[in-house]
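Spelled out, the chains give:
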Amino acid sequence: MPMKFEDYKQYLSPVFSKSSDLVAGEGHGLYITDVNGVKYLDMIQGIAVNVAGHTHPKIVKAIQDQAGKLIHASFNHVNYPTTLELAKRLASVAPGEGEKKLTSLFFSNGGAEATDSAIKLARCATGRPLIIACQGSFHGRTVGATSVTGSNSHYREAYEPLMGGVYWTPFPQRILCPDSIDNDDLEGRADYCLWMLENLLKFLAPPKEVAAIIMEPIQGEGGYVAPHPKFLKGVREICDKHGILLIFDEIQSGFGRTGKMWASQHFDVVPDIMTTGKAIGGGLPMSCVWSTPAIMDRWNKGTHGTTFGGNPVCAAAGLAVLDVIEEEGLIENSRVMGDYLQKQLKEMQKRHKIIADIRGIGLMTAAEFCKPGTFEPDANALSFITKYLREEEHMLTTGCGVNGNGFRFIMPLNIKQEEVDLCLEKFEKAVAAYEAK
Ligand SMILES: Cc1ncc(COP(=O)(O)O)c(C=O)c1O
C-alpha cells in the first residue's frame, strides 16, 4: 500500500502550510514521481534550490562519497577539506574587487539564519543599532529575519513585538508606489523610492545610528521584481555617504538564477555584506554570509556560531554545484532560456488579458494575473491555475506577491528549450481554462 499523507497528518504541526498531499518518492531532473508512480513536472524545484534539477549524478556522488568519510564533527572544533575548499572556491567568485571583494565567509544552515547572521555582523561591525528594510522583502522566518520581512503582514501576525530598531522604506514595486507612476516607468519608481529613503533618514532614522540597509537586489517572494539600476546605485551612494553597510540578500537570486552569478552584477552595485542559501548546498541545508575581510574582522570572535554550519557533506554538495554550474554552462543557459521564456510569455500576454505583467530577469521570471485590462489583482486566477496545473497537467508550481496573484516560473538552470516550451504549453492551457470558466 503506498503511503498516504492523510494517515500521517496528525503527527505534523498544522503550521506546515502544505500546498498539496503529494508524497514524493523520487525526483530526477525536471520531474518528481510520487509514491503512486505519478510523474509531475516540477516547477518549484525545492523553492528555487535545485539549479541542476533533482538528483544530478555529480551532486549525488559528491554527497555519497563524503557521507562515507565523515558526516559531522563541528566546524567549530575541526576543519573539513570540503568546507575549506568551498570557502576558497566561493571567495574566487565573490562580488567586488580588491579590498571590497567579499572574500570572508561564514557558513550557516538556512536562509533565515544567514539573515540573522548578517544583521548581527552589521550591528557588531558598525556599533550602530538600526536596520532599514524594504517593504515587499522576504528574508526568512526566524524572529530576526521576520523582523526585516515586509512581503506580507501574515508572516508577522502573532509574533509582535519583533526585533526592535527596524525602519521601513519602499522597494520600487508598482504596488508600493503611487498610482500616478506608470507600470513601465521603472525610473520614476526608483526616484520615488530614493526620495522616500532620504526622507526616512531625515525625519526618523538618524543616519549615524543606522548599521545597515538590507534588501534583495531582485525581490523574490515579494513578486519577482527587478528595480531600475538607478535605485540600487542610489542606495549604494546613500550608504557610502553615511557609513551604512549595504546587505544584499541573494538567497533566491544568487548562483546564476538571473543569468549572472549574482543578481547584483546586473546593476553593477557591490554590497558590503551578501547572504546566500538555497542553491549553495545542492539541496542540502546550507547558507553563507559573505563580507570583506575588514568588515568580518570587526565581528567579535565567538559572539556568533552554529553547531552544523559548514557541514562537510553540504560543502561537498556545494563544490559539486559549482562544478556543474561551470562545466554545464548553467549561468549562460539561465540567461538564454530566461530571455526565451520572457519573449514567449510576452507573446502569450497578447493572447490572454488576465496576464497583466511579465517581469524578472533570467530564470527568475514571474507572470501577474489581474482582472482584464486593469491592475486589479486576481488571486482566484492564481489559485485556479495552480490547482489546474497540478491536477490536470501534473505540473507543480508556486506563487508570489502580497496579493496572491503572482506566478513564479522556477526552472532548473539546465533546462532545455523544448522543456521550457512544455511548461509554457501547460501554463497556457491552464490560463485558457480559467478564462473559459
Ligand atoms: C530572498 C530570500 N531570503 C531568505 C529566505 C529564507 O530562506 P530559508 O527558507 O532557507 O530560511 C528566502 C526563502 O524563500 C528567500 O527567498
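For the structure given in this document, a descriptive report is provided here. For clarity, every value in this text was computed on a predicted model and none was experimentally measured. (Residues numbered from 1 in each chain as written. Predicted model: local features only at pLDDT ≥ 70, side-chain atom pairs only at ≥ 80, totals over all residues.)

Topic: the overall build of the protein chain
Next up, step 1: Assigned secondary structure in the protein chain consists of 12 helices and 15 strands.
Next up, step 2: The C-alpha radius of gyration computed for the protein chain amounts to 21 Å, which stays within 12% of the reference 22 Å derived for 437 residues, consistent with globular compactness.
Next up, step 3: Expressed as lengths along the three principal axes of its C-alpha atoms, the size of the protein chain is roughly 60 × 60 × 45 Å.
Next up, step 4: For the protein chain, the proportion of its 437 residues judged to be buried stands at 49%.
Next up, step 5: By sequence separation, contacts in the protein chain at least 24 residues apart represent 72% of the contacts at least 6 residues apart. (Helix = DSSP H or I, 4+ residues; strand = E, 2+ residues; numbered from the N terminus. Rg over C-alpha atoms; globule rule 2.2 N^0.38 Å. Buried ≥ 20, exposed ≤ 12 C-beta atoms within 10 Å, placed from the backbone. Contact = placed C-beta atoms within 7 Å.)

Overview of the sheet that holds strand E12 (residues 364-369)
Next up, step 1: The 4 strands lie next to each other as E11-E12-E15-E14, forming an open sheet whose pairing is antiparallel. Each having just a single partner strand, strand E11 (355-361) and strand E14 (398-400) make up the two edges of the open sheet. Each strand axis lies, on average, 30° off the axis of its neighbour in the sheet, ignoring direction.
Next up, step 2: Relative to E12, E11 runs antiparallel, the two being bridged by 6 bridges. The residue bridging Gly 360 from the neighbouring strand is Thr 365, located in E12.
Next up, step 3: Along the sheet, helix H10 (residues 330-351) contacts E11, E12 and strand E15 (406-409); its crossing angle with E11, the most-contacted strand, is approximately 170°. (Pairing = 2+ DSSP bridges. Axes fitted to C-alpha atoms, helices over the stretch in contact; angles between N-to-C directions.)

Here we look at the nonpolar core
Next up, step 1: By size, the foremost hydrophobic cluster in this structure holds 122 residues, and its most contacted members are Ala 122, Ile 213, Leu 245, Ile 247 and Ile 273.
Next up, step 2: A per-element tally of this core places helix H9 (residues 312-327) first, with 10 residues.
Next up, step 3: Here this core gathers at least three residues from each of two domains, domain 1 (5-56 + 329-435) and domain 2 (64-327).
Next up, step 4: Sequence-distant contacts of Ile 273, defined by excluding residues within four places in its chain, comprise Ala 118, Leu 121, Ala 122, Leu 245, Ile 247, Val 289, Trp 290, Ser 291 and Ile 295. (Core = buried A, V, L, I, M, F, W, Y, C linked by C-beta atoms within 7 Å. Domains from an automatic or database assignment.)

A short note on helix H11 (residues 379-391)
Residues spaced three or four apart along an α-helix point in a common direction, a consequence of the helix completing one turn every 3.6 residues.
Next up, step 1: For H11, with 13 residues, the first-to-last C-alpha span of 18 Å sits near the 18 Å given by 1.5 Å per residue.
Next up, step 2: Considered for burial, the residues of H11 that qualify are Ala 381, Leu 382, Ile 385 and Leu 389. The arc that holds the buried residues of H11, viewed along the axis, is 95°, so those residues lie on one side.
Next up, step 3: Those residues of H11 hidden inside the fold are in contact with E12, strand E13 (395-396), E14, E15 and helix H12 (417-435). (Expected span 1.5 Å × (residues − 1). Arc of directions from axis to C-beta.)

Considerations on the site of the ligand
Next up, step 1: Residues in contact with the ligand amount to 15 residues; listed here are only the nearest, Gly 111, Ala 112, Gly 140, Ile 251 and Gln 252.
Next up, step 2: Here the element with the most residues in the shell around the ligand is helix H4 (residues 111-126); it accounts for 3 residues.
Next up, step 3: Grouping the amino acids of the shell around the ligand by side-chain chemistry returns 4 nonpolar, 8 polar and 3 charged. (Near = placed C-beta within 6 Å. Nonpolar A, V, L, I, M, F, W, Y, C, P; charged D, E, K, R; others polar.)

Notes on unusual backbone geometry
Backbone geometry follows two general trends: most residues other than glycine have a negative phi, and most peptide bonds adopt the trans configuration.
Next up, step 1: Put simply, Glu 160 and Pro 161 share a cis peptide bond, and its omega is 0°.
Next up, step 2: In this structure, Pro 161 sits in the loop between helix H5 (143-147) and strand E6 (166-170).
Next up, step 3: At Ala 48, a position not held by glycine, the phi torsion is positive, near 60°.
Next up, step 4: One can find Ala 48 in helix H1 (residues 45-48).
Next up, step 5: A residue is classified by how many C-beta atoms lie within 10 Å of it, and Ala 48, with 24 of them, is buried.
Next up, step 6: Phi angles above zero are rare outside glycine, and Thr 55 is one such case at about 40°.
Next up, step 7: Tracing the backbone shows Thr 55 in the loop between H1 and helix H2 (57-67).
Next up, step 8: A tally of 15 C-beta atoms within 10 Å means that Thr 55 is categorised as partly exposed.

Examining the sheet that holds strand E3 (residues 39-42)
Next up, step 1: Across the sheet, which stays open at both edges, the 4 strands sit in the order E1-E2-E3-E13 with mixed pairing between neighbours. Edge strands, defined here as strands with exactly one partner in the open sheet, are strand E1 (24-28) and E13.
Next up, step 2: When E1 meets strand E2 (residues 31-34), the two strands line up antiparallel, connected through 4 bridges. Pairing of His 28 across the sheet is with Tyr 31, part of E2.

Some details on the pairing of E11
In summary, the side chains of a regular strand alternate between the two faces of the sheet.
Next up, step 1: Most of E11 sits inside the fold, with 7 of its 7 residues counted as buried.
Next up, step 2: Counting the residues between successive antiparallel strands, the hairpin from E11 to E12 contains 2 residues, one of them, Gly 362, with a positive phi of roughly 60°.

A few points about the packing of helix H3 (residues 81-92) against H9
Next up, step 1: Look at H3 against H9: their axes get within 8 Å of each other, and the N-to-C directions meet at 40°. Comparing their axes, H9 and H3 come out oblique. As for how H3 packs across H9, the hand of that crossing is left-handed. Across from Thr 82, Thr 83, Glu 85, Leu 86 and Arg 89 in H3, the residues of H9 making contact are Pro 312, Ala 315, Ala 316, Gly 318, Leu 319 and Leu 322.
Next up, step 2: Here the residues of the contact of H3 with H9 are counted per class, giving 6 nonpolar, 3 polar and 2 charged. (Parallel < 35°, antiparallel > 145°, perpendicular 65-115°, else oblique. Left-handed = near helix turned anticlockwise from the far one by under 90°.)

A few points about the packing of H2 against H9
Next up, step 1: Close contact between H2 and H9 brings their axes to 8 Å; oriented N to C, the two are set at 155°. Comparing the axis directions of H2 and H9 gives the class roughly antiparallel. Seen along the crossing, H2 lies across H9 with a hand that is right-handed. Along its contact with H2, which presents Lys 58, Ile 59, Ala 62, Ile 63, Asp 65, Gln 66 and Ala 67, the element H9 presents Pro 312, Val 313, Ala 316, Ala 317, Leu 319, Ala 320, Val 321, Asp 323 and Val 324.
Next up, step 2: For the contact of H2 with H9, the class distribution of residues is 12 nonpolar, 1 polar and 3 charged.

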